[in-house]
Amino acid sequence: MNNTEQISKIDAAIRQLETAALLYFSDGDICSIHTLAAASLEITSTLAKGTYTEQFLLQDKIYSKIPEHKRKEAHKIIQNQRNFLKHADRDKEKILDFSPDITDIILLSAVIPLQILACDNHIKIFHIENNKILFSSVQVLYFWFIFKDIYNENGIAELKEFLKEVKFDIELPKTPTKKNFSLLFHSIINKVIEQYGEEMIGVLEKSIKNLDITKLTDQLND
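None of these values were measured; they are calculated from a predicted model.

*Asks:* I'd love a proper account of the packing of helix H2 (residues 30-48) against helix H5 (residues 100-120), names of residues and values included.
*Replies:* Packed helices, taken two at a time, are described by the angle between their axes plus the distance between the axes. Interaxial distance between H2 and H5 falls to 8 Å at its minimum, and their mutual angle equals 40°. What the angle tells us is that H2 and H5 run oblique. At the point where H2 passes H5, the crossing takes the left-handed sense. Contacts from Ile30, Ile33, His34, Ala37, Ala38, Ser40, Leu41, Thr44, Leu47 and Ala48 of H2 reach H5 at Ile102, Thr103, Ile106, Leu107, Ser109, Ala110, Pro113, Leu114 and Leu117.

Rendered as structure tokens:
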């Protein structure tokens with residue numbers, strides 16, 4: 001078996017979540033998205049224990065916002081969905097009522113600490129070519145969770161007015177969807193860099209290690 005590839009734990013976690021994010025933004029298979037994200041989260045959580053990144057693990061923060069008498073039930077629902085997609089030894093005939101909201105929780109729980117670990121391990125989660133920045137799908141996923149509540153028709157209308165004020169010539173989608181979010185996000189980021197210089201790239205890179213997760217955790221419990 002000479003045809004092998006050396007893969008670290010952090011590499012595996014990044015690649016799993018990157019694939020999950022690609023599927024997520026292309027409206028791919030939700031079972032595959034969930035399984036990949038859950039696998040990435042399991043690795044990330046273990047690697048983060050006892051490190052600076054541990055403070056960015058969301059599971060405890062999410063559960064703390066659930067009424068105490070419902071936490072055990074909530075944990076069971078999340079675990080049941082994950083285990084159903086992995087095992088069949090005890091429930092071969094079972095049918096699952098799948099909840100995409102739980103998949104969002106898993107994706108968000110994985111994406112934040114994974115970015116911190118990537119930075120700590122000097123792994124770039126975006127690339128720069130010809131003064132253009134290209135974020136990985138993992139990074140776009142993070143920004144999706146920040147902006148998804150305002151990425152609607154009203155939000156696009158407000159963004160249009162803002163872009164007009166700052167004289168940014170960017171084509172906006174007629175209908176906001178996950179599929180076109182990445183393209184719009186990159187267009188805006190690269191316009192900012194074009195306007196204000198390459199030092200903005202350094203600002204973006206540093207911001208990854210100064211994440212405010214309060215808003216993100218709150219929106220999952222609304």
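*Asks:* Lay out unusual backbone geometry with the relevant residues and their values.
*Replies:* Look at Asp27: it is not a glycine, yet its phi comes out positive at around 55°. If you trace the backbone, Asp27 turns up in the loop between helix H1 (9-25) and H2.

*Asks:* How would you summarise the environment of Cys31 if you had to cite specific residues and measurements?
*Replies:* When you line up the elements, Cys31 lands in helix H2. When the C-alpha positions of Cys31 and Leu85 are compared, they lie 7.1 Å apart, and in sequence the two are 54 residues distant.

The rules we used
Residues numbered from 1 in each chain as written. Predicted model: local features only at pLDDT ≥ 70, side-chain atom pairs only at ≥ 80, totals over all residues. Heavy atoms only, no water. Axes fitted to C-alpha atoms, helices over the stretch in contact; angles between N-to-C directions. Helix = DSSP H or I, 4+ residues; strand = E, 2+ residues; numbered from the N terminus. Parallel < 35°, antiparallel > 145°, perpendicular 65-115°, else oblique. Left-handed = near helix turned anticlockwise from the far one by under 90°. Contact = heavy atoms within 4.5 Å.

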